Amino acid sequence: MSAITLKVNGRAHTLDLDPATPLLYALSDDLELRGPKFGCGLGQCGACTAIVNGSAVRTCVTPVSSAVGKEIVTLEGLGTPEKPHPIQRAFIDEQAAQCGFCLNGVILSAKAFLDKNPKATEPEIQQALSGVLCRCFTHSRMYAAIQRYAVGQVHDLPFPK
Amino acid sequence: MKSMLTAEARSVLNRRGFLKSAGALIVGFRFVGEPPARAQFGQAALSGSPPADQLDSWIAIGADGRVTAFTGKEELGQGISTAQQQLVAEELSVPFERVTLIYCDTALTPDQAYTSGSQSHPTNFNHANLALAAATAREALLKMAAQRLGAPVEQLTAAAGVIGVKGDASKKVSYGDLTAGKKLNLALDKNAKRKPVSEWTVLGKPIGRPDMPAMAAGQFEYVHNVRLPGMLHGRVVRPPVVGATIISVDDSSVAGLPGLVKVVVKKNFIGVVAEKPWQAMQAAEKLKVNWTAGSGLPKQSEFYDSLLRQPSRDALMVDSKDTSQALAAAPVTLKSTYLHPYQMHGSMGSSCAVADVQGDRATLYSPTQGVWYQRSTGAMILGLKPENVHVIFRRGAGCYGLNGADTVSYDAMILSQAVGKPVRVQLSRKDEMAWENYGNAWRIEERAGLDAQGNIVAWEHEAWTPGLGNRPGPATPGNVITGMLLGFGPAPFSPAAAQPPRAYNNNSNGIPSYVAGNVGGSVLGIGGGTGTVKSEKVLVHNVVSPFWTGPLRSPARLQNTFAHESFMDELAARAKADPVEFRLRHLRNERVIGVLTGAAKAAKWETRPSPKPASPKTGIASGRGVACVAYEGDNGYTGIVVDVEVDQDTGKIAVKRMWVAIDAGPISNPDGLRNQAEGGALQGMSRALGEEVTWDDQKVTSVDWRTYHSLPLGFAIPKIECVLLDRPDEEATGAGETAITVIAPAIGNAIFDATGVRLRQIPLTAERVKAALAARA
C-alpha cells in the first residue's frame, strides 16, 4: 500500500492503495463515485470509462499508479442533474437510455472523441464507439443524442430544446 | 454516508401516518446509511407486506398534498415507473411531479410477486391493483369534499389536487386539507370509476423519465452504489467446470493477503470477503481449491439431435386429433426444423447485491425481479425466519429476465452471515456468464399441408427444449447456481406422457397465430386461437438441460415465433402467395391483423410472392421480410417489416430499415412504448445475428464480450420507424417483449426474399449464410 494522489473532477484526493489497483476501484469504491462502473473488468464494454488527460480510458484495466498527476474527469464531473453538460442534456432530451448502466461509457467515449474531432462524420463516430456496449440497445436514441451534441458544437448553436 | 432515500423515505412515512400512528412500523427497518440500531427492530414491520386489498397499502396523501404510491412492480429500465407515476397522477387528478413512487420493498409495498412476463402494464393499469387504488382514493376524496363543502359529489370537480364546486369558485378544498395526512382506512372499491381515456391529460403523454437526469449525470444510485457503514466486499469462487464439487480448499494459499477477512466454504459454495473489492478479487483468484472432475457436457455440434433421445416430460397444447390424416390427404406438405441456441441475458454490469445479516435478522439490497421470493428463499439459505428478512429492491444493470440478480443476492447474504458485517458482492464477468440461467435452447419441427388453392389445411408443431432451474419461487433457492452449491436442488425432473389439453392457453406462443385453437376432441370448430386452420397439433417435449435456464426476454415465445413465422413464409412461398396476404388469409383476430397491416402499410409493402424476382446471384442482394405475433396469445401485438442487404460474397447481413407496429392497448406513455419497441427490435437483431452460448466438453466457453457476440454501438443501426396503434377501448397489455419476438423471423424471411435461401438456425451468422448460399447452386 502506498499514498497515491489523484486529481478527479478538479479536486485532489490522497488515497492509501496498492499501486497495481485498477483506477476504477479508487474512483467507484474509495471515492464512492457513481459514474464509473464495473461492467466486465476486461476493458471490453466501456462501463468503467473516465476521461484522463482528454482521452477516454478504460479504468478497469488501468493501474491507479499510471493516473497519478493526470486530470481525471468522470461522468459526474461534467454536469449535474439540475445543470447537465450539453452532451448530458442531449441524452436527457432524447431519452437515450433504458437501464442507464452503459451511459457512463457511451457519453464519455463520445465526448472525448468529439472534443478532439468536432467535425467527425457518423461512420467515424461509430468507429469510435465500436468497443462500447449498450445491452438495452438504446442505440438509435444514443446516436441521435450524440449528433445533437456534435451539431451544437460545430456550429456553436444554442442547444436545441 | 450518502443516501438519496433517507430523507425522502422519512417524509413518505410521515405522509403515510406511520410516524404518528404506527410506531412499531417505522422502527421496523432502517435505510441505507443509517447505523445499525439492533434494539429498535420491531417485529411488526417485517411480518408481511401491506395487504393488497387496502387502499392505504397503495396510496398515501400527505398533509402537504404530496401523493406517495406504493407498487410491487419495479423499474428495471423499461420505464414502467414513469408510466405508473402518470397513472396515479391521472386517476387522482394531481400533477405528475406531486407523485412519488416507491416500489418493491418487502416492508413497504404490496406483494405483487415478480416484475416480469410483460405483466406490469396489464396488472396495474387495468381495473385492479394500483389503478383501482388511485381511482378508489379519488372517489373517497370526492365524498369527503362533498361533506366539507356541502355540495353533492356530482357538482364537484377535481384538478391539481384541489376539489371545487362547479359554478362556485369560492368553494374549494385541497387533498391535503381533506386528509390532514391521515390514512383513509378503506378497502379497494371494485366499483370505483376510472377516468376515461378521452379525459386523460397526464397518461398517454410522452413524459420524460424522472430518473434520466441523474442517470445521465452519473448520480443515480444503482445497487452497485449502495454503501453501508463497515461494509466489506465479497467475491465467489465457482467450480471450474460443470458438475465439479469441492475436495479441499487450501486457506493457506491466501493467508496474509492484504485486506482479506475470511474464506467462506459451505458445502460446494466458496467465497472470500475482504476490505476492498480489488483485494477480494485477488484473493478469489489466488485461492487454491481442489475440485473433482466435472460431469462432462454433450458435444455442441450434436446437441440439437441429442435432445431427441432424452427422456421427456410432454405437453399437448392443442390437438384436433386429425392432423395425421389431414397431412396425408393434403396435396402438398412441408416440413422444416428450426434451431435456436441458448442465449444469455448478458447484463451490462455483472450482478451485484449488498446484504447485512446480523444475528437472526437480515437486510438485503437486491436487483431481483421478485423481492418477496428472495425474502422467503433467502431465509431458507440463511436459516432465518422469512419475517426477519427485509428485501429492498435497488436497480441493477438491465436484466431482461433471470440474470445473476438472485444468485448474487444469495452470495451476499451467505458471506455477510459468515462475517457478521454488511457485504457487497459483484460477480466477475465470467462468473456471471458461465453460470447464469440462460434462455432455453429449442429444436422445433413444423409440418403443414396445403390444399389445391394453397390454403393451409393442417399444422403440426413439435418442439424439444432443455431446462434446469428457473426463477426462485416461494421455496426454491435451488433454481439458481448458488442455491445448488449450498445444497438445495432444482425441482426433480420426472418424464411424463402428454395429457390431453384442457383449456386454450397460448402463454408460450407454442400455438401458431394461424390455427383455430381447438384444445381437444375431434369436433372441428373455431377455438380460442387467432387463426383459421382447424386441423392442428402442438406438442412440446421438455428435457433436462446441462446448463441453468430461466426466463430471458420473451422466453419460449421468441423461439416459437421464429419457427412459426419463418415456416409461414415458407408456406406462402410454396403457395406462390404474397407473405402478408397469405398471413391475412389465415388470421381472424383484429389486433394481429392490425399490427400486420400497420407495419406493411408503413413500409409501403409491395404485394408479390418471395423470393424477389431477378435478384442478383452475386454481390449485394436486397430483400424484405415480415413477421407478426399476438404475444402470449393476447398480451400485446406486434408486426414488423425489415429491409435487409445480403452480401453474397461474405455472407454478411445488413439490416437497413425496420417498421414496427405495436398495440399494447391504451398507450400510457408513447415515448416509453417507442423506446421499448426500438430497443426490443435491436436487441432481437443482436440475438438473431450473433448471440450464442458456446461450450467445450467440460465448461461454457462464451464467458466475456469477445466470446459472446453482442452488437456494439459501432454497428450500422437500421432506421426504425414505429407505428403506435392506440386502442383506448381495449385492456392494457404487455409491450416490452413484443418487438424482440418478431425480428429474427423477419430478417430470415428478408434473406429468403433477397436470395431464395432459407436459414433455419439462429444465430444467422455470415458463415451460415455463406454456406447456405454455396448450397443454393
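Keep in mind that what you see is a predicted model, and the values were worked out from it rather than measured.

Colleague: Account for the interface of chain A and chain B, naming residues and giving values.
Modeller: Counting residues at the interface gives 55 residues for chain A, matched by 52 residues for chain B. Mapped by element, the contributors of at least two residues to the side of chain A that touches chain B are helix H1 (23-30), helix H2 (86-93), helix H3 (103-116), helix H4 (122-128) and helix H5 (139-155) of chain A. Along the lines of polarity and charge, the residues of the side of chain A that touches chain B split into 28 nonpolar, 20 polar and seven charged.

Colleague: Explain the sheet that holds strand S22 (residues 637-647) of chain B residue by residue, including any values.
Modeller: Residues and elements named next belong to chain B. On the basis of which strands lie adjacent, the open sheet formed by four strands has the order S21-S22-S23-S24 and mixed pairing. Here the strands that pair on one side only, and so sit at the sheet edges, are strand S21 (620-630) and strand S24 (719-724). Looking at each pair of strands side by side, their axes are set apart by 10° on average, direction ignored. Sheet topology note: the S22/strand S23 (residues 653-663) ladder contains ten bridges and is antiparallel. For Tyr637, the partnering residue across the bridge sits in S23 and is Asp663. Across the sheet, helix H20 (residues 670-689) lies against S22, S23 and S24, angled at about 135° from S24, the strand it touches most.

Colleague: So what about the packing of helix H13 (residues 371-382) of chain B against helix H14 (residues 405-419) of chain B? Which residues, and what values?
Modeller: Residue and element names in this part refer to chain B. Contact pair H13 / H14: the axes reach a minimum separation of 10 Å and the direction vectors enclose 40°. Taken together, the axes of H13 and H14 lie oblique to each other. Of the two elements, H13 crosses H14, and the hand of that crossing is right-handed. Residues Gln374, Gly378, Ile381 and Leu382 of H13 touch H14, and the partners they reach there are Asp406, Ser409, Tyr410, Met413, Ile414 and Gln417.

Colleague: Outline the sheet that holds strand S4 (residues 55-58) of chain A, listing residues and values.
Modeller: Strand pairing in a sheet relies on backbone hydrogen bonds, with the paired strands running either antiparallel or parallel. All names here are of chain A. In space, the five strands of this open sheet follow the order S2-S1-S5-S3-S4, with mixed pairing throughout. Every interior strand has two partners, whereas the edge strands, strand S2 (11-17) and S4, have only one. Here the average twist between neighbouring strands, direction ignored, is 40°. Sheet topology note: the strand S1 (residues 2-8)/S2 ladder contains seven bridges and is antiparallel. Residue pairing for S2: Val8 is matched across the bridge by Arg11. Its contacts with the sheet put H1 on S1, S2 and strand S3 (49-52), and the angle it makes with S2 is roughly 105°. Sitting on the sheet, H3 touches S3 and S4, and the angle it makes with S3 is about 25°.

About the criteria used
- Residues numbered from 1 in each chain as written.
- Chains lettered and ligands numbered in written order.
- Predicted model: local features only at pLDDT ≥ 70, side-chain atom pairs only at ≥ 80, totals over all residues.
- Contact = placed C-beta atoms within 7 Å.
- Helix = DSSP H or I, 4+ residues; strand = E, 2+ residues; numbered from the N terminus.
- Nonpolar A, V, L, I, M, F, W, Y, C, P; charged D, E, K, R; others polar.
- Pairing = 2+ DSSP bridges.
- Axes fitted to C-alpha atoms, helices over the stretch in contact; angles between N-to-C directions.
- Parallel < 35°, antiparallel > 145°, perpendicular 65-115°, else oblique.
- Left-handed = near helix turned anticlockwise from the far one by under 90°.

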